[in-house]
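Observations on the model geometry
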Amino acid sequence: MGLISCWKSRHKGLARCWIRPGFAAVLWLCVTQFGGAVGQTKNVVQKDAEFDVTYNDTVTSDNQTIYAFNHTVSRNKTEGVHVSVDVMSQGLESPILFVIRQKQAVLSFQVPLILRGLYQRKYPYNHVGRTLCQPPTLAASETEYFFLDVSTLSSTGTNYQLRVSRVDSFTLQTDKKFSFIASPSQPQYFKYVFPEGVDTVVVKVNSDMNFPCSVMSIQDIQCPVYDLDNNVAFIGMYQTMTKKGAITVQRKDFPSNSFYVVVVVKTEDEACGGPLRFYPLHPDELIHAGNRSKNIDVIVSPAINTEVYVMGMVFCFGIFLSLYLLTLLMACLENKRMKTRREVFQIPADTSPAETGKTPASPYEYGSFADNGSTLSSEAVTDSATSTDNNYGYMERSPDSAGRSRQESLSSVEEDDYDTLDDINSDKNIVRTKKFLCVSDLARKDKRVLSKKYQIYFWNIATIAVFYALPVIQLVITYQTVVNVTGNQDICYYNFLCAHPLGALSAFNNILSNLGYVMLGFLFLLIVLRRDIVHNRALFRNDVGALECGIPKHFGLFYAMGTALMMEGLLSACYHVCPNYTNFQFDTSFMYMIAGLCMLKLYQKRHPDINASAYTAYACLAAVIFFSVLGVVFGRGNSVFWIGFSVIHILATLLLSTQLYYMGRWRLDSGVLRRMVNIVYTDSIRQCSGPLYIDRMVLLVMGNIVNWSLAAYGLIVRPNDFASYLLAIAICNLLLYFAFYIIMKLRSGERIQYVPLVCILFTAVVWGFALYFFFQGLSTWQKTPAESREHNRDCILLSFFDDHDIWHFLSSIAMFGSFLVLLTMDDDVDNIQRDKIFVF
């Protein structure tokens, strides 16, 4: 059964032992290697060894010691075996080689153990501890033998200490914390068996110490176990950690219904964001690593079950479907209210006041959240047109002529054919440089031309979305496949304490929570479509109020905004498939689009004739995304990039300010500096007069202060997250312009109706809560993956959603509310003639 006898052949110099059949080949190899050349003598000593006994021995090149151990293993209980070795001598000529031969595995290591770091740094360890692999047994109980061979090539005697002990707590228990100490030369691993009824568990590893850097790994029950710094990434799932680490493990990935939890302390801390040691003076110089022991706690807890998944999905769909129902209810109430008003005033639904000869009692008599079909009498419009002798741009138009022009085909309409401003260019300069402008001055182009112009916004962004989304989806699928195949969980920056897998997806909850952007973006498109249909019906029946009153209705930008919100949800979900710094632009690109489109819509409301074309707007947004990519790739600590970007930012602010102040009536050519000097000399020095357009000047001065301050902040601080910094610039400008618009609206005597006022207040509150959850910072790719995991937190909603998921919920609702504000905020002027609505 065991080692029966040993004999020594001096003729062949080979120490040979009769052992169990499974070890003959391995023993032959070891003896041949360390027995010396033919003609040398090597003493082989066999010892029956016991557990928990310390052996102090000496080994030389002339002798080899074999320690024989046996222990009983059972199918229902796994007992670990730990081998600990200390070498007492210093400055060894050759290391000592320890070979452990088991039934199904061979483990070998040398002492001193040399572990390598970056740039081939070498760290020696004289104290080594290894845990033996414990393959599963089929028998209910059996005796297992293993042999530990000690040899060296050193001619001088080397003292060592050897101790083999049992690890009683080798198997981890569910929901029970287990503490241990690990070091680079003494890795630790433990076994966990899935209990009945549990298909998914979360393995959490914690420590009170940031450093030394360590690695946690999940490996299948097979030999060998890769538990050193240089091989722990060979198999299974793994991640670096400082204080926190967590890996979700599913039963389906482990056929044996069990796995090993392996914890390895790295030789250096650079992978966890720690300092890097000095470079050695000589390439082969050994560097003393110091004390790199780390106290670690591990706990294995059951993950959520199927019911929680279902509850999370029902909650996600329910919260947004309720907004659909609320919108439907409001639309029904609005239709009922409008029907009641028509009955009170005895106006048929398809008859305009121009046909009945009636004039509303007040300008706000027929204001509506959804209809926009309120009318004024033709006499009122004519009187108003004849009374505005200072309004150079107003053109009187009868309902009949307006109706006839509406009947013409849209397919043959081109902006150049109907742009009368190009035919009377001098009048354009007069109109746009008036001190007090009205909407009628900047709404002179044919409505069909402008409608076609702004519809291009929608078709362009739909085309951009298709071409942008398809490669993004392909890329993130590849990312997820790489993570699943390699097991490297440092690729993606999840909140590992609340990352619930589904199929091949590692964090399904972070993807599901983006559903709100898609559903609410589609709901906004439905609301805009309804308004568009109602407005077209009013135009078809020659409604003078729709033709000549209120802010001109152009819905192309609204369609583009709704599409952008849907795409933000899709691309944010793609980003959260594997969040990291290389694909963060997927999450922010359409945020830039949304901010830009909202500013364009605000400006278009009272400047419909001179708003930017879709091609110009998207070209500018493409430039913003281009700088975003440059900043992410080259912006970290790059002084040249930040100086260049700040200069471009300030110049762009100045050019845009000039464009807005002069309503486009200026030229950027070789004479621009001369004209600037003349204006400064004439207005500021010779006449000491103030700016002609006070309101515009206030807005632009404030805008320049904000943008110059942001440029200075970026140049001085140089934030690592350049994409978020660029988004902050866009949001600050949007909020500034929106605040200016509201203030000027109230200052001009206009009012904000009930629906937009409720939307403004509701949206402001939701934005406040959303930003609170956004700044919780559950992960950050600005740091190493290990440092990012220090910010991970447990789920806080339904045991399924974390803080960032709540940010997704609230921000999607807040964006939807913001869009409703832009859609309804000027409903109060729907019954006011355009020559009485001020431009600001």
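Preceding this section is the structure that the text describes.
Everything numeric in this text was worked out from a predicted model, so none of it was measured.

Calculation rules
- Along each chain, numbering runs from 1 in the same order as the chain's sequence is written.
- Local features are withheld for residues below a pLDDT of 70 in this predicted model, meaning they are given only at 70 or higher, and side-chain atom pairs are given and counted only at 80 or more; totals for whole chains, interfaces and linings count all residues.
- In computing side-chain values, all of the structure's heavy atoms are included and hydrogens and water are not.
- For two strands to be treated as a pair, DSSP must find no fewer than two bridges joining them.
- A run of DSSP states H or I qualifies as a helix once it reaches four residues; a run of E qualifies as a strand once it reaches two. Both are numbered from the N-terminal end.
- For every element, the axis is a line fit to its C-alpha atoms; helices are fit only across the contacting stretch, and the angle between N-to-C directions ranges from 0 to 180 degrees.
- Relative accessible area decides the class of each residue, using a 1.4 Å probe on protein chains only: under 20% of the type maximum gives buried, over 50% gives exposed, and in between gives partly exposed.
- Disulfides are defined as pairs of cysteine sulfur atoms found within 2.5 Å of each other.
- An expected span of 1.5 Å times one less than the residue number is assigned to each helix.
- This arc is taken over the directions from the axis of the helix to the C-beta atoms.
- Whether two residues touch is decided by their heavy atoms; if any such pair falls within 4.5 Å, the residues are in contact.
- Surface patches are drawn from residues lacking salt bridges whose relative accessible area is over 30%; two like charges belong together within 9 Å, two nonpolar side chains (Val, Leu, Ile, Met, Phe, Trp, Tyr) within 5 Å.
- Residue-level accessible areas treat just the shown protein chains as cover; the underlying method is Shrake-Rupley with a 1.4 Å probe.
- Between Lys or Arg on one side and Asp or Glu on the other, a salt bridge is scored when a side-chain nitrogen of the former is within 4 Å of a carboxyl oxygen of the latter.

**Things to note about the sheet that holds strand S21 (residues 294-302)**
Hydrogen bonds along the backbone pair up the strands of a sheet, which may run parallel or antiparallel. Pairing is antiparallel in the open sheet, where four strands are placed in the order S14-S21-S16-S19. Every interior strand has two partners, whereas the edge strands, strand S14 (178-182) and strand S19 (244-250), have only one. Each strand of the sheet is rotated relative to its neighbour by a mean of 25°, with strand direction disregarded. As paired elements, strand S16 (residues 200-206) and S19 share seven bridges and run antiparallel to each other. Across the sheet, Val 201 pairs through a bridge with Val 249, a residue of S19.

**Points about the pairing of strand S7 (residues 96-101)**
Here S7 lies mainly inside the structure; five of its six residues are buried. Pairing analysis gives six bridges linking S7 to strand S8 (residues 106-111), with the strands arranged antiparallel. By the bridge assignment, Ile 96 is partnered in S8 with Val 111. Taking the residues between adjacent antiparallel strands as the criterion, S7 and S8 are bridged by four residues.

**Here's the deal with the state of the cysteines**
Linking two cysteines covalently via their sulfur atoms produces the bond known as a disulfide. Enumeration according to the criterion identifies four disulfides in this entry. Put simply, Cys 498 and Cys 795 are joined by a disulfide, and their sulfur atoms are 1.9 Å apart. On the S-S bond that ties Cys 498 to Cys 795, the torsion sits near 110°, and the link is right-handed. Of the two residues, Cys 498 sits in the loop between helix H9 (447-486) and helix H10 (508-512) while Cys 795 sits in the loop between helix H21 (785-789) and helix H22 (803-824), which places them 297 residues apart along the sequence. Indicated for the protein chain is the disulfide connectivity 1-3, 2-4, 5-7, 6-8, based on numbering the bonded cysteines in sequence order.

**Structural notes on helix H15 (residues 614-634)**
Here H15 spans 30 Å end to end across 21 residues, near enough to the 30 Å set by a 1.5 Å rise per residue. Among all positions in H15, only Ala 614, Ala 617, Tyr 618, Leu 621, Ile 625, Ser 628, Gly 631 and Val 632 are buried. What you see down the axis of H15 is that its buried residues fit within an arc of 130°, all on one side. Packing partners of the buried residues in H15 comprise H9, helix H13 (556-577), helix H14 (584-606), helix H16 (639-661) and helix H19 (722-747).

**Structural notes on H19**
Counted at 1.5 Å a residue, the expected span for H19 with its 26 residues is 38 Å, and the 38 Å between its end C-alpha atoms agrees. Two residues or fewer after H19 comes Gly 749, characterised by a positive phi angle close to 90°.

**Let's talk about the side chain of Thr 653**
In this structure, Thr 653 sits in helix H16. Those residues in contact with Thr 653 that lie beyond four places of it in its chain are Asn 704 and Asn 707.

**Digging into a nonpolar patch on the surface**
A contiguous nonpolar surface patch, about 850 Å² in accessible area, is contributed by Ile 643, Val 647, Leu 651, Leu 654, Trp 708, Tyr 713, Leu 715, Ile 716 and Val 717. When contributions to the nonpolar patch are tallied by element, the ones reaching two or more residues are H16 and helix H18 (694-717). For the nonpolar patch, the element with the highest residue contribution is H18, accounting for five residues. Assignment of secondary structure puts Ile 643 in helix H16. Judged by its relative accessible area of 47%, Ile 643 falls in the partly exposed class.

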